[in-house]
Amino acid sequence: MIRDPDLLDALTDTVRRFVRERLLPAEARVEDENAIPPEIIDEMRALGLFGMSIPEEFGGLGLTMEEEVTVALELGYASPAFRSVIGTNNGIGSQGIIVDGTPAQKAYWLPKMARGDVIGSFALTEPDVGSDAASVRTTAALDGDGYILNGTKRYITNAPVADVFTVMARTGGEGPAGVTAFLVPATSPGLSLGAIDKKMGQRGTRTCDVIFDNCRVPADAVIGGIEGQGFKTAMKVLNRGRLHIAAVCAGAAQRLCDESVAFARDRVQFGKPIGEHQLVQAMLADSATETFAGRSMVMEAARRFDRGDRIIQQAASAKLFCSEMVGRVADRAVQIHGGAGYMQDYAVEHFYRDVRLFRLYEGTSQIQQIIIAREMMNG
Ligand code: COS
C-alpha cells in the first residue's frame, strides 16, 4: 500500500541520490577498512533510515511494506554492508517489539531505535541451532523477580555495535512452545561478546557470538510479557524480514546488471564491444529478466502483506527466488567482466561474495522450500 505516491517518490529519490553520491563512492573504502565510515552512519540517521519501518507514533517513518521494499530496492544497489547498518533496527532487531511488545516496551525502545541512538539485534541462532529454530538451548530460568539467562548465540548481525538484543531463550519444555523472547540490554551483567567473525564477504558488517553467563534480566524483559510466545514472535519477524531481504537482493541484482552493461559497452573484443556479441547478450538478457521477475514478486508480496493477507508462502518464495536469482546474476556479472571480474578493482568481485549470504541467513533456501511446501500442503 502506498499512502502518498508523491511522498514516496520524494523519499525514493532522496535515497537513490544518497546511494549514488555517498554510498557507491565509499564502497572501496568499506572493503579496505571493513567498517562503515561514521559520517555515513550519521547521514543515515539524519535521513531517518534507522526508523523506516518503525511506526510514526514512535518517531519512525512508519513505511508500509510496499513502501519499505521500494526503499530497500534502492538501498540494495549499494554494497549490502551499508543496508545492514540499518537492517536490524528496521527488521529483526525491532519487529519483535513492534508486533508483540508491551506498550511500555514500545514506548521505551522504539523511539531510540528510530533515531538510531540505539542499535537493536536479533539473537536466535546458536552453535548447535540454526535452521531448527524451535530447538534453542539458551535457557532463561525464573529467579525471584527476574530471569537468569545462560547460553551462546552465534553469528549475530550487528552484535558488536548493538545496544539491545532480542534473545530467544527456553523457559519451558521442548519445542516451539518452550521458547520466550527477551529484550536484553548489551550492558546487562553476564552478557559478553565473542571475537568478531571473519566472514567471506559483506565487509563492514560485523557479527560475533553473544554469550550469556548467568545474565540477569528483569521480568519485564519478556517481549509482550507472556512466556512461550517467542518462537511465534520470531516467525512473524522473519516473515517481514524475508520480504525485505528479497527486495535487497533484487536491488543488488539491478546493480550487477548495470555494472555488466557498463562493462559490456566499454570492453572491445573481436573488433566490437562485447555487449554486441550474442553470447554476452544472452547473459545480460537472462540477468535483466530475472531481476525484473524478482522485483515484481517482491512488490506483489508486499502489496498482499499490506492487505493483511497470509503471506508466509509468498515471503518465503520471494526470499528463495531473489536470493538464488542474485547469486546467478552475480555469477554472470563476473563472467561478463572476464578476468577483471575476479579483481578487487571491480565492484562485481565483492558483490559475488556479498550476495552469497542471502541464501543462508533469515532462513536458508532449503528452509524457504520447506515453508513453501508446508503452506501448499496445508492449503
Ligand atoms: N509465521 C507465523 N507463525 C508461524 C510461522 C510463520 N512463518 N511459522 C510457524 N509459525 C507458528 C505455527 O503456526 C505454530 O503455531 P501453533 O503452535 O499455534 O500451531 C508455531 O509457530 C510452531 O510452528 P511449527 O510447528 O511449524 O514449528 P517448526 O519447528 O516445525 O518450524 C520452521 C519449522 C522451518 C518453519 C522454523 O524452524 C524456521 O523458520 N526455521 C528457520 C529459522 C531461521 O530463519 N533461522 C535463521 C536465523 S535468524 S537470521
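Just so it is clear, the model here is predicted, and its values are computed rather than measured.

1. Overview of the overall build of the protein chain
A count of helices and strands for the protein chain gives 11 helices and nine strands. Taking 2.2 N^0.38 as the reference for a compact globule, 379 residues should give roughly 21 Å; the C-alpha atoms of the protein chain span a radius of gyration of 21 Å, in line with that estimate. Structurally, the protein chain occupies a C-alpha span of about 80 × 50 × 40 Å along its principal axes. Scored against the burial criterion, the 379 residues of the protein chain give a buried share of 54%. Sequence-distant contacts, at least 24 apart, represent 75% of the contacts inside the protein chain between residues at least 6 apart. When the 40 basic and 48 acidic side-chain charges of the protein chain are each reduced to a single mean position, those positions are 3 Å apart.

2. Considering the pattern of salt bridges
Considering all chains together, one arrives at 27 salt bridges under this definition. Between E290 and R328 there is a salt bridge, with its nearest N and O atoms 2.5 Å apart. In this pair, E290 is assigned in helix 8 (residues 278–307) and R328 in helix 9 (residues 312–337), connecting sequence segments 38 residues apart. R359 is paired through a salt bridge with E324; the nearest N and O atoms lie 4.0 Å apart. Taken together, the residues R359 in the loop between helix 10 (347–354) and helix 11 (365–377) and E324 in helix 9 connect sequence positions 35 residues apart. Each of E66, E300, R303 and R304 takes part in a single network of salt bridges with overlapping partners.

3. Quick look at the domain arrangement of the protein chain
In terms of domain boundaries, the protein chain breaks down into domain 1 (5–115), domain 2 (120–227) and domain 3 (232–377). Summarising the inter-unit geometry, the C-alpha centres of domain 2 and domain 3 are found 30 Å apart. Counting residues at the interface gives nine residues for domain 2, matched by 11 residues for domain 3. Surface buried jointly by domain 2 and domain 3 totals about 860 Å² across both partners, of which 70% is contributed by carbon and sulfur atoms. Across the contact surface, domain 2 and domain 3 share zero salt bridges.

4. Brief notes about the packing of aromatic side chains
This structure, assessed with the given rule, holds four aromatic pairs. Ring plane angle 90° and centroid distance 4.9 Å describe the contact between Y108 and W109, whose orientation is recorded as edge-to-face. Overall, Y108 belongs to the partly exposed group, its relative accessible area being 48%. Where F358 meets Y361, the ring centres are 5.9 Å apart and the plane angle is 55°; that geometry is what we call tilted. The exposure class of F358 is buried, given its relative accessible area of 1%.

5. Observations regarding the pairing of strand 4 (residues 164–170)
With seven of its seven residues buried, strand 4 lies for the most part within the structure. In strand 4, alternate side chains face the same way, and those of V164, T166, M168 and R170 on one face and F165, V167 and A169 on the other are all buried. Judged from the four bridges that link them, strand 1 (residues 120–123) and strand 4 form a sheet pairing that is parallel. In the sheet register, S121 faces strand 4, and the bridge partner there is F165.

6. Considering the side chain of Q105
In this structure, Q105 sits in helix 6 (residues 103–115). Given the relative accessible area of 6%, Q105 is considered buried. Within the structure, the side chain of Q105 is placed 2.9 Å from the backbone nitrogen of T102, a separation counted as a polar contact.

7. Some words on unusual backbone geometry
Backbone phi values are negative for most residues with the exception of glycine, while trans is the configuration of most peptide bonds. The phi angle at N158 is positive, at roughly 65°, despite the residue not being glycine. Positionally, N158 belongs in the loop between strand 3 (146–157) and strand 4. A positive phi angle is found at F270, which is not glycine, with a value near 50°. With respect to the helices, strands and loops of the structure, F270 is situated in the loop between strand 8 (268–269) and strand 9 (272–273). Judged by its relative accessible area of 79%, F270 falls in the exposed class.

8. Here we look at the packing of helix 7 (residues 230–266) against helix 9
Two quantities define a packed helix pair, namely the angle between the axes and the distance from one axis to the other. Here helix 7 crosses helix 9 at 20°, and the two axes come no closer than 8 Å. In terms of orientation, helix 7 lies roughly parallel with respect to helix 9. Judged by the sense of rotation from one axis to the other, the crossing of helix 7 with helix 9 is left-handed. Of the residues that constitute the contact of helix 7 with helix 9, the class distribution is 21 nonpolar, four polar and three charged.

Calculation notes
- Residues numbered from 1 in each chain as written.
- Predicted model: local features only at pLDDT ≥ 70, side-chain atom pairs only at ≥ 80, totals over all residues.
- Heavy atoms only, no water.
- Helix = DSSP H or I, 4+ residues; strand = E, 2+ residues; numbered from the N terminus.
- Rg over C-alpha atoms; globule rule 2.2 N^0.38 Å.
- Buried < 20%, exposed > 50% of the residue type's maximum accessible area, 1.4 Å probe, protein only.
- Contact = heavy atoms within 4.5 Å.
- Lys, Arg positive; Asp, Glu negative; His and termini not counted.
- Charge placed at Lys NZ, Arg CZ, Asp CG, Glu CD.
- Salt bridge = Lys/Arg side-chain N within 4 Å of Asp/Glu carboxyl O.
- Domains from an automatic or database assignment.
- Buried area = accessible area lost by both parts, 1.4 Å probe.
- Phe/Tyr/Trp six-rings, centres within 6.5 Å; stacked < 30°, edge-to-face > 60°.
- Pairing = 2+ DSSP bridges.
- Polar contact = N/O pair within 3.5 Å; in protein donor to acceptor, adjacent residues only side chain to side chain.
- Axes fitted to C-alpha atoms, helices over the stretch in contact; angles between N-to-C directions.
- Parallel < 35°, antiparallel > 145°, perpendicular 65-115°, else oblique.
- Left-handed = near helix turned anticlockwise from the far one by under 90°.
- Nonpolar A, V, L, I, M, F, W, Y, C, P; charged D, E, K, R; others polar.

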